[in-house]
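Structural description and commentary
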Amino acid sequence: MTTPMLTLSNVYKKFGDNEILKGIDLEIKKGEVVVVIGPSGSGKTTLLRCVNFLVRADRGALTLNGERVDLPSASKMEILKVRRRTAFVFQNYNLFYNKTVLQNVTLGLVCGRKMPGPDAERVARDALSRVGLSDKFHVYPKTLSGGQQQRVGIARAIALSPDVIIFDEPTSALDPELVGEVLNIMRMLAADGTTMLIATHEISFAKDVASKVLFIDRGVVIEEGTPNEVLTLPKEERTKQFLRRILPDYSI
Ligand SMILES: Nc1ncnc2c1ncn2[C@@H]1O[C@H](COP(=O)(O)OP(=O)(O)OP(=O)(O)O)[C@@H](O)[C@H]1O
Ligand SMILES: [Mg+2]
């Protein structure tokens, strides 16, 4: 039996009086792609952010490669260790617009990982080539399309060689005609065995690529299973309602 690469247990988060996450459990094995779906405001972003401490959970624990970290009380060292082994791809890319594409990717390697400049540049060039941007090393992000900018965001994540890459709705800020190029890069990563945790509304992508799908609503996992179980033959009424709402042709 493969031991999980990442486990979240009983993650709970409240903002003010609002309970946003009400005890979420999640498990990802090496090479798996776990997709989280759910209505706007259900807590997907908050959950993903708890994993690398962009949001500090009130209760719960994380186990990464066998090392358990208590989320509310994690020390700076523990947080740093988790951040070194994870990478985050943001909905709005979060690139530095005053730096070139290559610099955007080398920055985390040189500053975060203390990699010597020439090594960082080699790694960054490889990562950018993997996402099809080998002709864009020296341009500034504002000259790129949204799809290309998000591919820089993905290159920045893969350059770090993390244990798991976390994607928070990576295509939802894109014009529809640019979504495909980003999903194709993610399909390629999945085929290469990259471990990924993804929040997305791209249901057909999830059907093709996910090892497991979690439907969350109001901070609770309502249903989880294979893409077929959750997306094609959902058991729970709330899952059905959600799918009917986002997929006009969906009938169940
Ligand atoms: N920093 C914060 N302070 C207060 N409330 C917050 C904060 N971050 C998120 N929330 C609230 O938590 C709830 C869940 O937000 P979250 O962004 O996790 O949802 P989501 O499932 O990612 O939604 P979407 O699909 O729109 O991205 C929302 O009601 C939001 O307003
Ligand atoms: Mg979100």
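Coordinates for the structure precede this section.
Residues numbered from 1 in each chain as written. Chains lettered and ligands numbered in written order. Predicted model: local features only at pLDDT ≥ 70, side-chain atom pairs only at ≥ 80, totals over all residues. Heavy atoms only, no water.

Let's talk about the overall build of the protein chain
Per the secondary structure count, the protein chain includes 9 helices and 10 strands. The principal-axis extents of the C-alpha atoms in the protein chain amount to approximately 55 × 45 × 40 Å. Taking contacts inside the protein chain between residues at least 6 apart in sequence as the whole, the part at least 24 apart equals 62%. Element-wise, carbon and sulfur atoms account for 48% of the exposed surface of the protein chain, whose accessible area totals about 11,700 Å². (Helix = DSSP H or I, 4+ residues; strand = E, 2+ residues; numbered from the N terminus. Contact = heavy atoms within 4.5 Å. Areas by Shrake-Rupley, 256 points an atom, 1.4 Å probe, with all protein chains shown as cover.)

As for the side chain of Glu 169
By the element assignment, Glu 169 lies in the loop between β7 (164-168) and α6 (176-191). Ignoring any residue separated from it by four or fewer positions in sequence, one finds Glu 169 in contact with Lys 44, Gln 91, Ala 199, Thr 200 and His 201.

Here's the deal with the packing of helix α4 (residues 117-130) against helix α5 (residues 146-159)
Relative orientation of the contacting elements α4 and α5 amounts to 130 degrees, with a least axis distance of 8 Å. By the angle class used here, α4 and α5 are oblique. Crossing of α4 against α5: the hand is right-handed. Listed contacts from α5 to Val 123, Ala 127, Leu 128 and Arg 130 of α4 are Val 152, Ala 155, Ile 158 and Ala 159. Residue composition of the contact of α4 with α5, grouped by class: 7 nonpolar, no polar and 1 charged. (Axes fitted to C-alpha atoms, helices over the stretch in contact; angles between N-to-C directions. Parallel < 35°, antiparallel > 145°, perpendicular 65-115°, else oblique. Left-handed = near helix turned anticlockwise from the far one by under 90°. Nonpolar A, V, L, I, M, F, W, Y, C, P; charged D, E, K, R; others polar.)

What to know about α6
Helix length check: α6 (16 residues) gives 23 Å between terminal C-alpha atoms against 22 Å at 1.5 Å per residue, within 8%. For α6, every residue scored as buried is listed here: Leu 178, Val 179, Val 182, Leu 183, Ile 185, Met 186, Leu 189 and Ala 190. Down the axis of α6, the buried set is contained in an arc of 155 degrees. They therefore lie on one face. In α6, the exposed positions angled more than 90 degrees off the buried face are occupied by Glu 177 and Ala 191. (Expected span 1.5 Å × (residues − 1). Buried < 20%, exposed > 50% of the residue type's maximum accessible area, 1.4 Å probe, protein only. Arc of directions from axis to C-beta.)

Some thoughts on the site of ligand 1
Around ligand 1, the structure places Phe 15, Ile 20, Pro 39, Ser 40, Gly 41, Ser 42, Gly 43, Lys 44, Thr 45, Thr 46, Glu 169 and His 201. At 3.0 Å from an oxygen atom of ligand 1 is found a main-chain nitrogen or oxygen belonging to Gly 43. Thr 46 places a side-chain nitrogen or oxygen 2.5 Å from an oxygen atom of ligand 1. Compared with its free state, where it exposes 640 Å², ligand 1 has 57% of that area covered by protein. Its residues assigned to classes, the shell around ligand 1 shows 3 nonpolar, 7 polar and 2 charged. (Near = heavy atom within 4 Å. Polar contact = N/O pair within 3.5 Å; in protein donor to acceptor, adjacent residues only side chain to side chain.)

Purely spatial values, then, with no claim about function.
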